[in-house]
Amino acid sequence: MLYNNYEQGVFILHENPEWIVPFAEAFEKAGVAFNEILLTQGSIDLDSPPPQGVFWSRLSASSHTRGNIYSKDYGRAVLTWLESYGRRVVNGSNVLELEVSKVRQYLALNKAGFRTPKTIAVFGKENLLEYAKEVGTPFITKHNQGGKGLGVRLFENLTEFRGYIESSEFELPIDGITLLQEYIRAKEFFITRLEFIGGKFYYAVRVDTSNGAFELCPADACDIERSKALPELAGGACEIDRADKFSLRTDIDSDTPLVQTLEQFLQAHRIEVAGVEFIESFDGEIVVYDINTNTNYNGNVESSLRKQGRKAAADRIVEFLHQALHNTQKER
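Residues numbered from 1 in each chain as written. Predicted model: local features only at pLDDT ≥ 70, side-chain atom pairs only at ≥ 80, totals over all residues. Heavy atoms only, no water.

1. Some points on the sheet that holds strand E5 (residues 119-123)
Phase 1 of the analysis: Taken in spatial order, the 4 strands line up as E5-E8-E6-E7 in an open sheet, and their pairing is antiparallel. Pairing within the sheet leaves two strands with one partner each, and these edge strands are E5 and strand E7 (153-155). On average, each strand axis in the sheet is tilted by 25° relative to the strand beside it, whichever way the strands run.
Phase 2 of the analysis: Relative to strand E8 (residues 177-182), strand E6 (residues 139-143) runs antiparallel, the two sharing 5 bridges. Bridge pairing links histidine 143 to threonine 178 in E8.
Phase 3 of the analysis: Each of E5, E6 and E8 touches helix H4 (residues 102-111); the most contacted strand, E8, lies at about 40° to it. (Pairing = 2+ DSSP bridges. Helix = DSSP H or I, 4+ residues; strand = E, 2+ residues; numbered from the N terminus. Axes fitted to C-alpha atoms, helices over the stretch in contact; angles between N-to-C directions. Contact = heavy atoms within 4.5 Å.)

Next comes the structure, spelled out in structure tokens:
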């Protein structure tokens, strides 16, 4: 497919059709058409302009786990092409670079004054044990190009870690960078995910972590993936647990100081759609540890909002993109 040949409109750039389903339903409900640019193949003619419209990038740091190892590079090429012609891009090329590098995320957050976990980025495998001594125990590992909880494990001691890195279970990250990170002891067994649309706070979700899991993707498609990987978790009991795992936090709103400072941060980095995760430590510190610019929304939370007569986040996304398209058409 030559992307130059698309008609004008709203475009979603992505590589995982399973994550588009809730948005497709919201577009259909609103009577708004959209196009998909599936970044697993295709082409662009550099001498021809892109179609007119609004382009929403949903490129994911975990694309390589679905066999789409080059999607982020295809995305870099397409986003550069779009931006060179002045197209309206939501979460552009600078945001993609934050999505695929937690090193970039932490440095940006630190510079803005947020508390993040103490982290050492280790290149390759050879010196992992040596640098783990500097972090102290307990600590966790994670992949620099992560998503889906890639490489996230808790280690209570160095002997346990040595056994892991010498075993067949060890997986070198796709970019070769492993993060060794202090383990933040939570005040209570949950983390909070703040959702932003158009750079503005939309809602907060409480995610139960009492089972010790680190894979906190809220999308229903992620739960299907987990069930395939761990069949014993499938079934009625799992559905009940999942319904309780994600819930709205009504005590957080647009006037919450953390929300306001994060809005300023997102604006400074031109991030328009994102989920930002934080934890309150046992000592009462607010620790921000993840910016997900390919944010997904939990089906149970979205349904509860619609039952209350409120717009779900997917509905607000459609409204935001449709308004952005209208604005670009007025400007032409």
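2. A look at the sheet that holds strand E12 (residues 273-280)
Phase 1 of the analysis: Strand order in the open sheet made by the 5 strands is E11-E10-E9-E12-E13, with antiparallel pairing throughout. Edge strands, defined here as strands with exactly one partner in the open sheet, are strand E11 (246-248) and strand E13 (286-292). Strand after strand, the sheet turns through a mean of 30° between neighbouring axes, direction not considered.
Phase 2 of the analysis: Taken together, the 6 bridges between E12 and E13 define a ladder with antiparallel strand orientation. Within E13, the residue paired with isoleucine 279 across the bridge is valine 287.
Phase 3 of the analysis: Packed onto the sheet, helix H10 (residues 299-307) meets strand E10 (200-208) and E11 and runs at close to 30° relative to E11.

3. Topic: the packing of aromatic side chains
Phase 1 of the analysis: If you walk through the whole model with that rule in mind, you get 15 aromatic pairs.
Phase 2 of the analysis: For the pair phenylalanine 139 and phenylalanine 161, a centre-to-centre distance of 5.0 Å together with 85° between the ring planes defines the contact as edge-to-face. A residue pair is termed long-range when its members are at least 10 positions apart, and phenylalanine 139 in strand E6 and phenylalanine 161 in helix H6 (residues 158-165) qualify at 22 residues. One exposure class covers both phenylalanine 139 and phenylalanine 161, and it is buried.
Phase 3 of the analysis: Members of the aromatic cluster, each reached through a chain of ring pairs, are Phe23, Trp56, Tyr202, Tyr203 and Tyr297.
Phase 4 of the analysis: When the ring centre of tryptophan 19 is taken as reference, the NZ or CZ atom of arginine 66 above it lies at 4.5 Å. (Phe/Tyr/Trp six-rings, centres within 6.5 Å; stacked < 30°, edge-to-face > 60°. Buried < 20%, exposed > 50% of the residue type's maximum accessible area, 1.4 Å probe, protein only. Lys NZ or Arg CZ within 6 Å of the ring centre and 35° of its normal.)

4. Quick notes on the side chain of histidine 143
Phase 1 of the analysis: Inspection of the secondary structure puts histidine 143 in strand E6.
Phase 2 of the analysis: Only 3.4 Å separates the side chain of histidine 143 from the backbone oxygen of glutamate 171, close enough to count as a polar contact.
Phase 3 of the analysis: For histidine 143, the contacting residues outside a window of four places in its chain are Lys102, Leu150, Gly151, Glu171, Pro173, Ile177 and Leu179. (Polar contact = N/O pair within 3.5 Å; in protein donor to acceptor, adjacent residues only side chain to side chain.)

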